[in-house]
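# Per-entry structural report
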Amino acid sequence: MKTDNQRAWFLVLPVLVLVAFSAVIPLMTVVNYSVQDTFGNNQFFWAGLEWFKTQLESERMWDALWRQLAFSGIILAIEVPLGVFVALNMPKKGVWASVVLVLMSLPLLIPWNVVGTIWQIFGRSDIGLLGYTLDSLGIDYNYTQGFYAAWVTVIAMDVWHWTSLVALLAYAGLQSIPDAYYQAARIDQASRWAVFRYIELPKMRGVLTIAILLRFMDSFKIYTEPFVLTGGGPGNSTTFLSIDLVKMALGQFDLGPAAAFSLMYFLVIMVISYVFYIVMTNLDKEDGK
Amino acid sequence: MSDQTATAPGAADHLPGDVTARDANAKAKSSSRLNGSTVVLVLYLLFLMLPIYWLLNMSLKTNSEILGGFSLWPQNLTLANYETILTDPTWYMGYVNSLIYVVMNTVISITVALPAAYAFSRYNFMGDKHLFFWLLTNRMAPPAVFALPFFQLYSSVGLFDTHIAVALAHCLFNVPLAVWILEGFMRGVPKEIDETAYIDGYSFGGFFVKIFMPLIASGIGVTAFFCFMFSWVELLLSRTLTSVDAKPIAATMTRTVGAAGVDWGVLAAAGALTIVPGALVIFFVRNYIAKGFALGRV
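This one's a predicted model, so the numbers in the text were calculated from it and none came from an experiment.

### Quick look at the overall build of chain B
On a plain count of helices and strands, chain B comes out with 15 helices and three strands. Looking at the 298 residues of chain B, the share that counts as buried comes to 44%. Counted over contacts in chain B with a minimum sequence separation of 6, partners at least 24 positions apart contribute 77%.

### Focus on the overall build of chain A
Scanning chain A for helices and strands turns up 12 helices and three strands. On the principal axes, the C-alpha backbone points of chain A span a range of 80 × 70 × 30 Å.

### Observations regarding the UniProt feature "domain: ABC transmembrane type-1" (unreviewed entry) in chain A
Here, UniProt's "domain: ABC transmembrane type-1" (unreviewed entry) annotation points to residues 65–276 of chain A. Structurally, residues 65–276 of chain A comprises 76% helix and 0% strand, and the distance from its first C-alpha atom to its last is 21 Å.

### With respect to the interface of chain A and chain B
Between chain A and chain B, the contact holds 78 residues from the first and 82 residues from the second. No other element matches the 14 residues that helix α1 (residues 8–34) of chain A contributes to the side of chain A that touches chain B. Considering only residue class, the side of chain A that touches chain B consists of 58 nonpolar, 16 polar and four charged. Judged from the two bridges that link them, strand β1 (residues 3–4) of chain A and strand β1 (residues 123–124) of chain B form a sheet pairing that is parallel. Bridged to Thr 3 of chain A within β1 of chain B is Tyr 123 of chain B.

### Side note on the UniProt feature "transmembrane region" (unreviewed entry) in chain B
Residue and element names in this part refer to chain B. Taken from the UniProt record, the annotation "transmembrane region" (unreviewed entry) applies to residues 34–56, 99–120, 132–151, 163–186, 207–233 and 264–285. Taken end to end, residues 207–233 has its terminal C-alpha atoms 35 Å apart, with 96% of it in helix and 0% in strand. When the span residues 264–285 is considered, its composition is 100% helix and 0% strand, and the gap between its end C-alpha atoms is 32 Å.

### Structural notes on helix α4 (residues 95–105) of chain A
Turning to α4 of chain A, its buried residues number three or more, namely Val 100, Leu 101, Met 104 and Ser 105 of chain A. Each buried residue of α4 of chain A lies within a common arc of 120 degrees when the element is viewed along its axis, so the set occupies one face.

### Here we look at the nonpolar core
Judged by nonpolar contacts, the single largest core of 161 residues is most densely connected at Leu 169, Ala 170 and Leu 245 of chain A together with Ala 113, Ala 116 and Val 179 of chain B. Of all the elements, helix α8 (residues 163–186) of chain B adds the most residues to this core, at 17 residues. Aside from chain neighbours lying at most four places away, what touches Leu 169 of chain A is Val 207, Ile 210 and Ala 211 of chain A together with Ala 290, Ala 294 and Val 298 of chain B.

### Some thoughts on the packing of α1 of chain A against helix α7 (residues 143–156) of chain B
It is at 9 Å that the axes of α1 of chain A and α7 of chain B come closest, and there the two elements cross at 105 degrees. Viewed along their axes, α1 of chain A and α7 of chain B adopt a mutual orientation that is roughly perpendicular. Seen from α1 of chain A, the contacting residues are Ile 25, Pro 26, Thr 29 and Val 30 of chain A; seen from α7 of chain B, they are Val 145, Phe 146, Pro 149, Phe 150, Gln 152 and Leu 153 of chain B. Of the residues that constitute the contact of α1 of chain A with α7 of chain B, the class distribution is eight nonpolar, two polar and no charged.

### A look at the packing of helix α5 (residues 112–123) of chain A against helix α14 (residues 264–285) of chain B
Here α5 of chain A crosses α14 of chain B at 140 degrees, and the two axes come no closer than 10 Å. When the axes of α5 of chain A and α14 of chain B are compared, the pair comes out oblique. Note on packing geometry: the crossing formed by α5 of chain A with α14 of chain B is left-handed. Across the interface between the two elements, Val 114, Thr 117, Ile 118 and Ile 121 of chain A from α5 of chain A touch Trp 264, Leu 267, Ala 268, Gly 271 and Thr 274 of chain B from α14 of chain B.

### What to know about the environment of Val 262 of chain B
Residues and elements named next belong to chain B. Take Val 262: it is sitting in strand β3 (residues 261–262). A tally of 17 C-beta atoms within 10 Å means that Val 262 is categorised as partly exposed. Other than its neighbours up to four places away in sequence, Val 262 contacts Thr 256, Val 257 and Leu 267.

### Some details on unusual backbone geometry
Of note, Gln 189 of chain A is a non-glycine position whose phi angle comes to about 50 degrees, a positive value. Assignment of secondary structure puts Gln 189 of chain A in the loop between α8 (179–187) and α9 (192–220). Using a count of 10 C-beta atoms within 10 Å as the deciding quantity, one classes Gln 189 of chain A as exposed. You will see that Asp 161 of chain B, though not glycine, has its phi angle at about 65 degrees, which is positive.

### Remarks on the UniProt feature "transmembrane region" (unreviewed entry) in chain A
All names here are of chain A. Mapped onto the present numbering, the UniProt feature "transmembrane region" (unreviewed entry) falls at residues 69–88, 95–122, 148–174, 195–217 and 258–279. Along residues 69–88 the backbone is 100% helical and 0% strand, and the end-to-end C-alpha distance reaches 28 Å. Here residues 195–217 is 100% helix and 0% strand, with 31 Å between the C-alpha atoms at its ends.

### Quick notes on the confidence of the model for chain B
Residue and element names in this part refer to chain B. Mean pLDDT over chain B stands at 83; residues scoring 70 or higher make up 88%. Low pLDDT, under 50, characterises residues 1–21; the predicted model gives this stretch 18 contacts beyond four residues in sequence or across chains. Among the prediction metrics, the complex's ipTM stands at 0.85, with pTM recorded as 0.84.

### Focus on the environment of Phe 293 of chain B
Inspection of the secondary structure assignment puts Phe 293 of chain B in helix α15 (residues 289–293). By C-beta crowding, Phe 293 of chain B is classed as buried, having 28 other C-beta atoms within 10 Å. In this structure the C-alpha to C-alpha distance between Phe 293 of chain B and Leu 177 of chain B, which are 116 residues apart in sequence, comes to 9.0 Å. In this structure, Phe 293 of chain B is in contact with Leu 165 and Leu 214 of chain A, ignoring residues within four places of it in sequence.

### Thoughts on the environment of Ala 246 of chain B
All names here are of chain B. With respect to the element layout, Ala 246 can be found in the loop between α12 (236–240) and α13 (249–252). Taking the C-beta count within 10 Å as the criterion, Ala 246 has 25 such neighbours and is therefore assigned buried. Along the sequence, Ala 246 and Arg 286 sit 40 residues apart, while their C-alpha atoms lie 31 Å from each other. Contact partners of Ala 246, with chain neighbours within four places excluded, come to Asn 97, Tyr 101, Asp 161, Thr 162, His 163 and Val 166.

Calculation rules
Residues numbered from 1 in each chain as written. Chains lettered and ligands numbered in written order. Predicted model: local features only at pLDDT ≥ 70, side-chain atom pairs only at ≥ 80, totals over all residues. Helix = DSSP H or I, 4+ residues; strand = E, 2+ residues; numbered from the N terminus. Buried ≥ 20, exposed ≤ 12 C-beta atoms within 10 Å, placed from the backbone. Contact = placed C-beta atoms within 7 Å. UniProt positions renumbered as here; feature names shortened; annotations may be inferred. Nonpolar A, V, L, I, M, F, W, Y, C, P; charged D, E, K, R; others polar. Pairing = 2+ DSSP bridges. Arc of directions from axis to C-beta. Core = buried A, V, L, I, M, F, W, Y, C linked by C-beta atoms within 7 Å. Axes fitted to C-alpha atoms, helices over the stretch in contact; angles between N-to-C directions. Parallel < 35°, antiparallel > 145°, perpendicular 65-115°, else oblique. Left-handed = near helix turned anticlockwise from the far one by under 90°. pLDDT = per-residue confidence, 0-100.

Quick look at the structure:
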């Protein structure tokens, strides 16, 4: 299908230069810091793999990692089924479908710090609708002090923010199912569950994989929303990887450990990106058939 | 229509007398499912809209009303919070700054991504797959990893606190995003069009601008929207790379937290205003939102 053409490199060159400037140079700086130690005054000493060892033994990083995995796991477990469920109930066409699409997309387009602000205002027990309601129901809810309240709020915020993405992707998958499939199912008198299990789910497989990987990646590097909402607290209970990293790098200016942390973090992201890439290219091949 | 198709198979293998019962049954079933769907959707949309409504509600109240008592809608409707923002340069310049670097970033991203996406969609060349994957890793990279090195890089070349610094920094994830989305749109254009144009004597540049770009105009629009959006919603890098002159609205919003507590009304108004750009164009891209978020792959 595609032709071999080495001159295509010239077309890619601008992208290569630009992204190299904003990705490779900074990343090299990080590598540089990760193997050196400093006592200030811009004097650096070779530290070898010392920082990596320190970080791997650091309880703080492991705690942040577990919190991160727990967070990503929980939001996936909620957003994926909920998103599919919502998609199944969306109207197929008409004005109503457009209205639903627009309303559902709205949270996706709100700046991430404003998402934090919205939930801050929504959740406070003195001025927020949610906080006030829960409080008057006699539930002790304060997301700045309670561990569970903080987690529930952060998760609710993410579900609010991103479930629509899963729903929209699943909806796009459903739209691609020809009417004939449903008619055949009706002739066979298939149950609603069978239609879902044997027609809709297989057709949604591709888009759902994309949705799951995207949501995992993006939740894995979440920073702004919980930072605005809880600041990583109470204590460290909502300090996820990115929040911890920024605290370390820009707050305490612990360059070496932060750099080692960054590289390991980046490595995990690379691995997941690779899975994502493989899935994408396989899907493209299936489309090509 | 669904009722008719549901009846047809029923009529085929049942006695005529059976048909009416089945028909009624199918009707009842489909209408009850319709109601169920509506309920689910309304509940979900309610969940989405309530926090946004609350933000608007707060932005239209005075601070004394916000803190004085609880009410579901503003008792004394006021636009004073919006007035504060739109008349105070330290406030509205935040929006201007954000808009400047976001537009810069969108223009840069699209300009460099167009030829690259074309190359990826049409040609095999050495290292193309590695390059494509490498671009993806940059879209996925956590900004937190890059915050400190960016700060040092842009400080050392004298670009700290300029709009172009943020615009370039956001290229880290927006250029790969643009390349992937555009490639997704371009692969839908048959290759024969390229070949015909070359036979007709078009140069590559002429063909690309006069024929190819109009063909993927909607793709370019969608890509621009997503570049705009991802640059607009980002806070960490834009905050790290600016201090005064290019301070984005997202960073300006932290100003509302003062010694006297939080200025909730103004904070809510500022937040409500940041939703406007997305809300304005969302109708036009509604059918492409999934495609854009999935990197052009739905």
